[in-house]
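Summary of the model geometry
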Number of protein chains: 2
Amino acid sequence: MLARDCFIAQAGLHLRLFRGHVSGMARKKNSSAETTRPRILDAALRLFARHGYAAVSMRQIATDVGVQAGTLYLYTPDKQSLLFELLQTHMQGLLDELATLPEAPSPLAALEDFTRFHIRFHRARRDAVFISYMELRNLEAEYFRKIEAMRQRYEAHLETVLERGKSAGLFVIPDTKLAAFALIAMLTGVNTWYREDGRLSLTRVEDIYWQMVRKAVGA
Amino acid sequence: MLARDCFIAQAGLHLRLFRGHVSGMARKKNSSAETTRPRILDAALRLFARHGYAAVSMRQIATDVGVQAGTLYLYTPDKQSLLFELLQTHMQGLLDELATLPEAPSPLAALEDFTRFHIRFHRARRDAVFISYMELRNLEAEYFRKIEAMRQRYEAHLETVLERGKSAGLFVIPDTKLAAFALIAMLTGVNTWYREDGRLSLTRVEDIYWQMVRKAVGA
DNA sequence: GTCTATAGCGAGATAGAC
DNA sequence: GTCTATCTCGCTATAGAC
C-alpha cells in the first residue's frame, strides 16, 4: 500500500523527466538513447518469459542489453514498472489489433475470424502471452486491476460473438461465459506445444482448431 | 542427478537417525517430528503457488511452519528438492487416480469419465496444478525430464481414448494429438476462473464442459 | 529437534565521476 | 548517457549450542 503509492509517484516523475529531455533537445546524433529503452524492454520480456519475473535480476537484463545495471534506472524507475509496461503494451496491442478485424457478415464468420486471430496473435507474441498469464500475481493491486480489465474487454468480444450466434439460432451453447472461457483456454493452449519445425504449419493448426471450435458451439 | 542421489542419501540418513532416537526412548510426547515434514511440504506448495518458486524464500516457508529457517534443512537438502518432490508427488497422484477409473463400456463413456475426472482432480489440487505448469522451467534438466515423462503418460491416456472412438466411427477428429492437447487445455482452464462461491456448482460445470467436449469430437 | 548466529553471496537501487 | 563504486538488504545454507 505504501510501496504502491511510492511507486506511482516515481513512475509519474520519471515520465516527466524523460519527456522533457526528448522534447528539449533537437539533436539526434547519438541514437543509442532512442534504441536503448526498447532494447531493455525486449530483453526483460525474453528473460521474464524464460526464467520468471522473480528469478531475473536487473543485472541479467543489463548484461543482455550490454549496459551496466545502474544504467537501467535511467529508463525505468524500478523492476516492477518494467513488468507492468510489458503487460500493458501487450494487452493494448491485443485490443488494438482485435479492433482492426473487419466486420464479419455472420456470427459464424466472426467466430472463425476470432479463432484464427487469437491463434496467430498469441503465437507471434508467445513470450508476452506467457508473462501475462504467469506474472500477473507479481503486480501490485492497482496495476493488476488495470491489466485484468483489459483482459475482460477481450473476453467480452468473444462473448458478444457467441451471444449473437446463439440468438440467431446458429449456435447451441449451454452457457455463454463458460464457452468463452473454454474456447480461449483451448486456443491459447496452442502455445504450449506448437513448434515452428513441427509436422504442421500454423495455418493448418488454425484449420484444425477452427473445426473443433465450430463443432464445440454446435454450428 | 548428483543432487538427487545426494537427497536420497541424506533423507535415508535422517530417517535412520530419527528412528534411532525414537526407538531409543519410550516417550512419544513430542510428536512434532512426524508432522513437521508434511507441514513443510504443505507450506511450500501453497507459497510456491501463490508467489512463485523464485519469489519464495526458505525463511518464509519456515515462518509459515513455525520453525527457524535452519530447521528446514533437516528435512530437505535444498529448495530445489522441495519443488521436485511436490511436482513428483502431484503427478504420481494424478496417474494413480487415473488408473483407478473403472473400465468404461464405450469410448464415449471413457471420454466422459476422463472429462469429469480431469476437472475434479485438477480443481481439488489447484495449487499443485499451477506449480506443475508454471515452475517446470525452474527444474534442473534431469528432474524436468522425469516430470515431463509423467505428463506425457497422462496425455497418452486421452489420446488412446480418442483413437478408439475414432476407429469405431464414433468420433470425428481431424488430428488425435491436437484434439488431446485442445481438450486438456480447455478442461484445465476451469481452474483459472472457477470460484467455490460462484453461480455454478462444480458438478454443473462438469456437465457443461462435457457437452462441449462431446460436441467438439463430433459425438 | 530446534534454536541462534553467521558465512558468503547477490540482489535492487543510488551517487557521482567522466 | 554510461560508467564505477557502493549502500543496504535479504537470500541459501551451514555450524554449533542446548
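Because the structure is a prediction, the values reported are computed rather than measured. (Residues numbered from 1 in each chain as written. Chains lettered and ligands numbered in written order. Predicted model: local features only at pLDDT ≥ 70, side-chain atom pairs only at ≥ 80, totals over all residues. Heavy atoms only, no water.)

**What about the packing of helix α5 (residues 107–124) of chain B against helix α7 (residues 141–167) of chain B?**
Residue and element names in this part refer to chain B. Applicable threshold: Between N-to-C directions, angles span 0 to 180 degrees; the directions come from axes that are lines fitted to C-alpha atoms, helices contributing only their stretch in contact. Helix numbers and strand numbers start at the N terminus; a helix is a DSSP run of H or I with at least 4 residues, a strand a run of E with at least 2. Oblique is the label for any angle not covered by the other classes, which are roughly parallel (under 35 degrees), roughly antiparallel (over 145) and roughly perpendicular (65 to 115). Crossing handedness is read from the near helix: turned anticlockwise from the far helix by less than a right angle, it gives a left-handed crossing, and turned clockwise, a right-handed one. Two residues form a contact once any of their heavy atoms are found within 4.5 Å. Polar here means any residue outside two lists: the nonpolar Ala, Val, Leu, Ile, Met, Phe, Trp, Tyr, Cys and Pro, and the charged Asp, Glu, Lys and Arg; Gly therefore counts as polar.
Where α5 contacts α7, the axes come no closer than 9 Å and their chain directions differ by 155°. When the axis of α5 is compared with that of α7, the two are roughly antiparallel. Crossing handedness for the pair α5 and α7: left-handed. For the pair α5 and α7, the contacting residues are Pro-107, Ala-110, Leu-111, Phe-114, Phe-117, His-118 and His-122 in the first and Tyr-154, His-157, Leu-158, Val-161, Leu-162, Arg-164 and Gly-165 in the second. Among the residues making up the contact of α5 with α7, the classes are represented as nine nonpolar, four polar and one charged.

**Digging into the interface of chain A and chain B**
How we decide: Put simply, buried area is how much 1.4 Å-probe accessible surface two parts lose in total, over both of them, once they are put together. One speaks of a salt bridge when a side-chain nitrogen belonging to Lys or Arg is within 4 Å of a carboxyl oxygen belonging to Asp or Glu. By the criterion applied in these results, polar contacts are pairs of N or O atoms within 3.5 Å in which, for protein atoms, one can donate a hydrogen and the other can accept it, and in which residues neighboring in sequence qualify only through two side-chain atoms.
Counting from both sides, the interface comprises 35 residues of chain A and, opposite them, 36 residues of chain B. Counting the surface lost from both chain A and chain B, the interface buries some 2,800 Å², and carbon and sulfur atoms represent 67% of this. On the surface where chain A and chain B come into contact, there are four salt bridges. Inspection of the chain A/chain B interface yields six residue pairs in polar contact (both at pLDDT 80 or more). Put simply, the parts of the chain that give the side of chain A that touches chain B at least two residues each are α2 (32–51), α6 (126–134), α8 (176–188) and α10 (202–216) of chain A. Classifying every residue of the side of chain A that touches chain B gives 22 nonpolar, six polar and seven charged.

**Describing the pattern of salt bridges**
Side chains bearing opposite charge may pair, as long as their charged atoms lie close to each other. Residue and element names in this part refer to chain B. Just so we agree on the cut-off: Here's how the labels work: a residue is buried when its accessible area is under 20% of the maximum for its type, exposed when over 50%, partly exposed in between, all with a 1.4 Å probe on protein chains only.
Under the definition given, this model contains 28 salt bridges over all chains. Close ionic contact of Glu-142 with Arg-145 constitutes a salt bridge, the shortest N to O distance being 3.1 Å. On the criterion of helical spacing, the pair formed by Glu-142 and Arg-145 is a turn pair, its members being three residues apart in helix α7. Using a relative accessible area of 29% as the deciding quantity, one classes Glu-142 as partly exposed.

**Regarding the relation of the copies chain A and chain B**
The cut-off we apply is this: Least-squares superposition aligns the copies on the C-alpha atoms of those residues with pLDDT at or above 70 in both.
With an RMSD of 0.1 Å, the fit of chain A onto chain B corresponds to turning through 180° and sliding 0.1 Å along the axis. Taken together, these values place the two copies in the relation of a two-fold axis.

**Looking at the packing of α10(A) against helix α8 (residues 176–188) of chain B**
Interhelical geometry of α10(A) versus α8(B) gives an angle of 60° and a closest axis separation of 11 Å. In terms of axis orientation, α10(A) runs oblique to α8(B). Handedness of the α10(A)/α8(B) crossing: right-handed. Contacts from A:Val205, A:Ile208, A:Tyr209 and A:Met212 of α10(A) reach α8(B) at B:Leu178, B:Ala179, B:Phe181 and B:Ala182.

**Here we look at helix α7 (residues 141–167) of chain A**
Residue and element names in this part refer to chain A. For the record, the criterion: In a helix, the anticipated span is given by 1.5 Å times the number of residues less one.
Its 27 residues give α7 an end-to-end C-alpha distance of 37 Å, which sits within 8% of 39 Å, the value for a rise of 1.5 Å per residue. When α7 is considered as a whole, its buried residues turn out to be Tyr-143, Ile-147, Glu-148, Met-150, Tyr-154, Glu-155, Leu-158, Glu-159, Val-161, Leu-162 and Gly-165. Phi for Gly-169, located one or two positions after α7, is positive at around 75°.

**As for the nonpolar core**
One broad rule of soluble globular proteins: the nonpolar side chains tend to lie buried together. Put simply, the rule reads: Nonpolar cores are built from buried Ala, Val, Leu, Ile, Met, Phe, Trp, Tyr and Cys residues. Side-chain atoms within 4.5 Å join them into one set.
The biggest cluster of nonpolar side chains holds 128 residues, and the ones touching the most others in it are A:Ile61, A:Tyr209, B:Ile61 and B:Tyr209. With residues near it in sequence (within four places) discarded, B:Tyr209 still touches A:Leu178, A:Phe181, A:Ala182, B:Ile119, B:Met186, B:Leu187, B:Val190 and B:Trp193.

**Quick look at the packing of aromatic side chains**
All names here are of chain B. Threshold: Planes of paired rings set the category: under 30 degrees apart is stacked, over 60 is edge-to-face and the rest tilted, where pairs are Phe, Tyr or Trp rings (Trp by its six-membered ring) whose centres lie within 6.5 Å.
With the rule as written, the count across this model stands at 14 aromatic pairs over all chains. When the ring of Phe-84 is compared with that of Tyr-143, the centres are 4.1 Å apart and the planes differ by 20°; the resulting orientation is stacked. Of this pair, Phe-84 sits in helix α4 (residues 79–99) while Tyr-143 sits in helix α7; the two residues are 59 residues apart in sequence, bridging distant segments of the chain. Per residue, the accessibility class of Phe-84 equals that of Tyr-143, and both read buried.

**Focus: the environment of B:Ile208**
With respect to the helices and strands, B:Ile208 occurs in helix α10 (residues 202–216). Judged by its relative accessible area of 1%, B:Ile208 is buried. Spatially, the C-alpha atom of B:Ile208 lies 20 Å from that of B:Arg126, the residues being 82 residues apart in sequence. Setting aside chain neighbours within four positions, we find B:Ile208 in contact with A:Pro174, A:Asp175, A:Leu178 and B:Leu200.

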